[in-house]
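# Structure assessment
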Amino acid sequence: EQIFLNLLANALHHGGAERLTIEVSAAETDGGYELVVRDDGDGIDGPTRERLTLAMDGRATAWLGGLGLAIVYRAVTARGGRVWLGDGERGTAVHFTWPREG
């Protein structure tokens, strides 16, 4: 629940658009699920996107984003999942994997 609350709050807070659309989707994968929270807002600027990508790829020595996304990252990776930003999309799309239970 916390993951979705944080991603939805980020979209609402940082979307910047007067009329914002947020979409949540999921697809089954071999090991579990890939989930996406996507908005059609202003998106993440280049330098911030680069810092977040470095942090999510484990190539940064410290977390380089906000607290909400840090909590998402830690919760997902603690379960063996992965978090990344979508490419070439209007707005922002945060993708993550979640393992199948049991």
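Residues numbered from 1 in each chain as written. Predicted model: local features only at pLDDT ≥ 70, side-chain atom pairs only at ≥ 80, totals over all residues. Heavy atoms only, no water.

This next bit is on the overall build of the chain. Helix and strand counts for the chain stand at 3 helices and 4 strands. The order of α-helices and β-strands along the chain, N terminus first, is α-β-β-α-α-β-β. Its C-alpha radius of gyration of 13 Å places the chain within 12% of the 13 Å reference for a compact globule of 102 residues. C-alpha extents for the chain along the principal axes are approximately 45 × 30 × 25 Å. Counting across all 102 residues of the chain, residues that qualify as buried make up 29%. The long-range share in the chain, meaning contacts at least 24 apart out of those at least 6 apart in sequence, stands at 49%. (Helix = DSSP H or I, 4+ residues; strand = E, 2+ residues; numbered from the N terminus. Rg over C-alpha atoms; globule rule 2.2 N^0.38 Å. Buried < 20%, exposed > 50% of the residue type's maximum accessible area, 1.4 Å probe, protein only. Contact = heavy atoms within 4.5 Å.)

Inspection of the entire model under this criterion finds 5 salt bridges. Among the salt bridges present, the one from Arg 100 reaches Glu 28, with a minimum N-O distance of 2.8 Å. Of this pair, Arg 100 sits in the segment after β4 (92-99) while Glu 28 sits in strand β1 (residues 22-28), and the two are 72 residues apart along the sequence. For Arg 100, a relative accessible area of 35% translates into the label partly exposed. When its relative accessible area of 61% is taken as the criterion, Glu 28 is described as exposed. (Salt bridge = Lys/Arg side-chain N within 4 Å of Asp/Glu carboxyl O.)

What follows covers the side chain of Asn 6. By secondary structure assignment, the location of Asn 6 is in helix α1 (residues 2-14). At a separation of 2.6 Å, a polar atom in the side chain of Asn 6 contacts the side chain of Gln 2. In this view, Asn 6 contacts Gly 68, Ile 71 and Val 72; residues no more than four positions away in its chain are not counted. (Polar contact = N/O pair within 3.5 Å; in protein donor to acceptor, adjacent residues only side chain to side chain.)

Turning to the nonpolar core, a few remarks are in order. For soluble globular proteins, the rule of thumb is that nonpolar side chains tend to be buried together. Grouped together as the largest cluster of nonpolar side chains are 14 residues, with contacts concentrated most on Leu 7, Met 56, Leu 69, Val 83 and Phe 96. Secondary structure elements with two or more residues in this core: α1, β2 (32-39), α2 (46-56), α3 (67-78), β3 (83-85) and β4. In terms of residue count, the dominant contributor to this core is α3 (4 residues). With residues near it in sequence (within four places) discarded, Leu 69 still touches Leu 7, Asn 10, Leu 52, Met 56, Trp 63 and Val 94. (Core = buried A, V, L, I, M, F, W, Y, C linked by side-chain atoms within 4.5 Å.)

Another aspect to go through is the packing of aromatic side chains. Note on aromatic pairs: each is described by the distance of the centres and the angle between the planes. This structure, assessed with the given rule, holds 1 aromatic pair. Taking the ring centre of Trp 84 as reference, the NZ or CZ of Arg 82 above it sits at 4.0 Å. Positioned over the ring face of Tyr 33 is Arg 100, at 5.4 Å from the centre of the ring. (Phe/Tyr/Trp six-rings, centres within 6.5 Å; stacked < 30°, edge-to-face > 60°. Lys NZ or Arg CZ within 6 Å of the ring centre and 35° of its normal.)

Moving on: the pairing of β2. Note that β1 and β2 share 7 bridges and pair antiparallel. Looking at the pairing, Ser 25 lines up with Val 36 of β2. Here β1 hands over to β2 after 3 residues, the two strands then running antiparallel side by side. One ladder, built from 8 bridges, connects β2 with β4; its direction is antiparallel. Within β4, the residue paired with Leu 35 across the bridge is Phe 96. (Pairing = 2+ DSSP bridges.)

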